[in-house]
Amino acid sequence: MVRVCTHLHHRSILIAHIATRRDDKHNISATHAYVHAHTRTSAQCANVMYRLTHNQLQKLKTKVFWLLIGTNDFSALQCSSDAVTAGNIAIVQQLQKLRPKARVVINSILPRDSAYMDLIRQTNKRLNCYAQQTENVDYFDATSIFYDDAKEELQHLPDELHPDAEGARAWGKQIVQRVEEILKE
C-alpha cells in the first residue's frame, strides 16, 4: 500500500512522503518511507544536509526518497539559483551515499509569488537536467498542478506558497502513481 503524507508547512522539511511500515518493535522497515524533519527555523537545504550527515537515516530502509527543498532558501536566505541547485545536488549525493540502491526523486520547487518565479524556473530546469544525467535520480515536475501557464497565475496555493487541500490531493495522487511505477521497475 502506498499512501501520501501531504502536510507541508514552513517549519517542515519533506524529504520523502510515502507510506511506512513498522515492525513489532516500532522500527521502520519499509519498502518506501518518509523522513519528515521538523525545524525551529525555516526548512532549508543546509538543515536537511545537517540531518543527513548526523545519522538521521540510520535505521531507515527505503527504495524511494522524494526530495522537495529549496523555496525557503530563496526567501529566507536570498540564495541564488546556483546555491539552491547545489544544495539539492548535495542532498541527493548524500542520500545516494547513505542508500546507494535507493531511487531519489527530485520534486520541482513549487511555484510561488512572482518575485521568485524566475529563480524557481531556472532552478527547476537545472534540477531536471541533473536528474536526466544521474543514475537512480528522477525529476518530478509538479508545476502544472500549481501554476496555470495560460493565465500566468498560481492555483491551489492560497497563500502563494502552501498547497490547499485540492492541490495537495492532486499532487499526492501523482506522487503515488510515480512511486508505484518506480517500485514496479
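Below or above, wherever it landed, is the structure these notes cover. Position numbers for residues count from 1 along each chain, tracking the sequence in the order it is written. Only residues with pLDDT of at least 70 are given local features in this predicted model, and only at 80 or more are side-chain atom pairs given and counted; all residues enter the totals for whole chains, interfaces and linings. Side-chain calculation: all heavy atoms of the structure are included, whereas hydrogens and water are not.

A look at the packing of aromatic side chains
Test applied: Classification of ring pairs uses Phe, Tyr and Trp, with its six-membered ring standing for Trp, and accepts pairs whose centres are within 6.5 Å; under 30 degrees between planes counts as stacked, over 60 as edge-to-face, and the remaining range as tilted. The secondary structure listing takes helices from DSSP runs of H or I that are at least 4 residues long and strands from runs of E that are at least 2 residues long, numbered from the N terminus. Three labels apply to residues, based on accessible area from a 1.4 Å probe with only protein chains included: buried if under 20% of the type maximum, exposed if over 50%, partly exposed otherwise in between.
Under the definition given, this model contains 2 aromatic pairs. Judged by centre distance (5.6 Å) and plane angle (90°), the ring pair of Phe 146 and Trp 171 falls under edge-to-face. Linking Phe 146 in helix 5 (residues 143-146) with Trp 171 in helix 6 (residues 165-184), this pair joins segments that are 25 residues apart in sequence. Residues Phe 146 and Trp 171 agree in their burial class; the two are buried.

Some details on the packing of helix 1 (residues 45-53) against helix 3 (residues 81-98)
Put simply, the test is: Only the stretch in contact is used when fitting a helix axis, every axis being a line fitted to C-alpha atoms; angles between N-to-C directions are given from 0 to 180 degrees. In these notes the angle categories are as follows: under 35 degrees is roughly parallel, over 145 is roughly antiparallel, 65 to 115 is roughly perpendicular, and the rest is oblique. Handedness of a crossing is defined here by the sense of rotation of the near helix relative to the far one, left-handed for an anticlockwise turn of less than a right angle and right-handed for a clockwise turn. The contact definition used throughout considers only heavy atoms, calling two residues in contact when any of these lie within 4.5 Å.
The N-to-C vectors of helix 1 and helix 3 enclose an angle of 15°; their axes lie 9 Å apart at closest approach. As the angle between them shows, helix 1 and helix 3 are arranged roughly parallel. Crossing of helix 1 against helix 3: the hand is left-handed. Judged by residue contacts, Cys 45, Val 48, Met 49, Leu 52 and Thr 53 of helix 1 engage Val 84, Gly 87, Asn 88, Ala 90, Ile 91, Gln 94, Leu 95 and Leu 98 from helix 3.

A short note on the pattern of salt bridges
Under the convention used in this document: Salt bridge, as used here, is a side-chain nitrogen of Lys or Arg placed within 4 Å of a carboxyl oxygen of Asp or Glu.
Tallied over the entire structure, the rule returns 8 salt bridges. One salt bridge connects Asp 138 with Arg 103, and the closest N-O pair in it is separated by 3.5 Å. Pair noted here: Asp 138 is in strand 5 (residues 137-140) and Arg 103 is in strand 4 (residues 103-107), with a separation of 35 residues, a long-range link. Accessibility classification places Asp 138 together with Arg 103 in one group, the buried group. A salt bridge links Asp 113 to Arg 112, with the shortest nitrogen-to-oxygen separation between them at 3.6 Å.

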